[in-house]
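# Summary of the model geometry
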Amino acid sequence: MHGCYFVTIVTHHRQELFGIIENGEMNLSASGRMILQVWDEMKKVFPTLLYPIITVMPNHVHFIICILDDNKTYLSEVVRWMKSKTTHDYILGVKENGWPHFNGHLWQSRFWDRIIRNQREYDFVMNYIYENPRRWSKDKLCAHCGEETDDINKKLNNHDYTLE
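I will try to describe carefully the structure that is included in this document. (Residues numbered from 1 in each chain as written. Predicted model: local features only at pLDDT ≥ 70, side-chain atom pairs only at ≥ 80, totals over all residues. Heavy atoms only, no water.)

Per the stated rule, a full pass over the model turns up one disulfide. A sulfur-sulfur separation of 2.1 Å characterises the disulfide bridge that pairs Cys4 with Cys66. On the sign convention where negative means left-handed, the S-S torsion of about 105° between Cys4 and Cys66 marks this disulfide as right-handed. Residue Cys4 is found in strand 1 (residues 3-10), and its partner Cys66 is found in strand 5 (residues 60-67); the two are separated by 62 residues along the sequence. (Disulfide = S-S within 2.5 Å. Helix = DSSP H or I, 4+ residues; strand = E, 2+ residues; numbered from the N terminus.)

Turning to the environment of Ser76, a few remarks are in order. Structurally, Ser76 is set in helix 2 (residues 75-97). C-alpha of Ser76 to C-alpha of Asp113: the two residues are 37 residues apart in sequence and 9.8 Å apart in space.

It is worth spelling out the packing of aromatic side chains at this point. This structure, assessed with the given rule, holds eight aromatic pairs. Both rings, one in Phe6 and one in Trp112, keep their centres 5.0 Å apart while their planes meet at 85°; by these two values the pair is edge-to-face. In this pair, Phe6 sits in strand 1 while Trp112 sits in strand 6 (residues 112-115), placing the two residues 106 residues apart along the sequence. On the basis of relative accessible area, Phe6 is assigned to the buried category, the value being 0%. (Phe/Tyr/Trp six-rings, centres within 6.5 Å; stacked < 30°, edge-to-face > 60°. Buried < 20%, exposed > 50% of the residue type's maximum accessible area, 1.4 Å probe, protein only.)

Its 16 residues give helix 1 (residues 30-45) an end-to-end C-alpha distance of 23 Å, which sits within 8% of 22 Å, the value for a rise of 1.5 Å per residue. Buried within helix 1 we find Ser31, Gly32, Met34, Ile35, Val38, Trp39 and Met42. Along the axis of helix 1, the buried residues cluster in a sector spanning 150°; they form a single face. Of the exposed residues in helix 1, those oriented more than 90 degrees away from the buried face are Gln37 and Lys44. Against the buried residues of helix 1 lie strand 3 (25-28), strand 4 (49-56), strand 5 and helix 2. (Expected span 1.5 Å × (residues − 1). Arc of directions from axis to C-beta. Contact = heavy atoms within 4.5 Å.)

With a phi close to 50°, Arg14 is a non-glycine residue in the positive phi region. Residue position: Arg14 is located in the loop between strand 1 and strand 2 (19-22). Relative accessible area serves as the criterion here: at 38%, Arg14 is assigned to the partly exposed category.

Moving on: the side chain of Thr87. Position of Thr87 relative to the elements: it lies in helix 2. At 2.7 Å, the side chain of Thr87 and the backbone oxygen of Lys83 are in polar contact. Non-local contacts of Thr87, meaning those with residues more than four positions away in its chain, are made with Phe102, Leu106 and Trp107. (Polar contact = N/O pair within 3.5 Å; in protein donor to acceptor, adjacent residues only side chain to side chain.)

The next thing to look at is the sheet that holds strand 6. The strands making up a sheet associate through hydrogen bonds between their backbones, and the pairing can be parallel or antiparallel. Spatially, the four strands line up as an open sheet ordered 4-5-1-6, and their pairing is antiparallel. In this open sheet, the two edge strands, each paired with only one partner strand, are strand 4 and strand 6. Strand-to-strand twist across the sheet, computed as the mean angle between neighbouring axes with direction ignored, equals 15°. In this sheet, strand 5 lies alongside strand 4 in antiparallel orientation, the contact comprising six bridges. (Pairing = 2+ DSSP bridges. Axes fitted to C-alpha atoms, helices over the stretch in contact; angles between N-to-C directions.)

Here the focus is helix 3 (residues 119-131). In this model helix 3 runs 18 Å from its N-terminal to its C-terminal C-alpha over 13 residues, within 8% of the 18 Å that 1.5 Å per residue would give. Where helix 3 is concerned, the buried positions are Glu121, Tyr122, Phe124, Val125, Tyr128, Ile129 and Glu131. Of the residues that open helix 3, the one with a side-chain oxygen 3.1 Å from the backbone nitrogen of Arg120 is Asn118.

Let us now look at the pairing of strand 2. Pairing of strand 2 with strand 3, which is carried by four bridges, proceeds in the antiparallel orientation. Looking across to strand 3, one finds that Ile21 is bridged to Met26.

Quick look at the pattern of salt bridges now. Within this structure, the stated rule accounts for five salt bridges. With its nearest N and O atoms 3.1 Å apart, the salt bridge here joins Asp89 to Lys85. Remark: Lys85 and Asp89 occur in helix 2; sequence separation between them is four residues, near one turn of the helix. According to the relative accessible area criterion, Lys85 is partly exposed, its value standing at 21%. For Arg134, the salt bridge is made with Glu131, and the minimal N-O distance between the two is 2.3 Å. Accessibility expressed as a relative area gives 52% for Arg134, which makes it exposed. Assessed through its relative accessible area of 16%, Glu131 is described here as buried. Linked through salt bridges whose partners overlap, the residues forming this network are Glu41, Lys85 and Asp89. (Salt bridge = Lys/Arg side-chain N within 4 Å of Asp/Glu carboxyl O.)

These figures come from the coordinates and say nothing about function on their own.
Next comes the structure, spelled out in structure tokens:
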């Protein structure tokens, strides 16, 4: 379907495999850098899409992807390819480079997505993704962080385009 989507995929059991946050900066591990390499490869596999932003977090990935070719590419196909390729490459990293093991599946079976409805929402989501490492302590996907968390879906549904 034609349009831009805000997508989040999360590791199975929210395992923190892709790096650590220090002083509001994401320090990618080798597996986190691999995620970015796959993102770049995806641009060749799906050349008709736009890839405005990605942020790799310790246990999840946020990105925006824009599908321009009506009825030719589906978001589920793109996410499935990304999850499959990153899982394959992660398994190689475990075998060849001693990356931490994961338990059964690298990713949760589903993913979260939202159609970006207008420019204001697009700008908000871009900022949210960009600022996500700095706001890690408020991320509801951070298992060891405080109870005060962002609920990005609630903010979008309420047209509340602010980050406290």
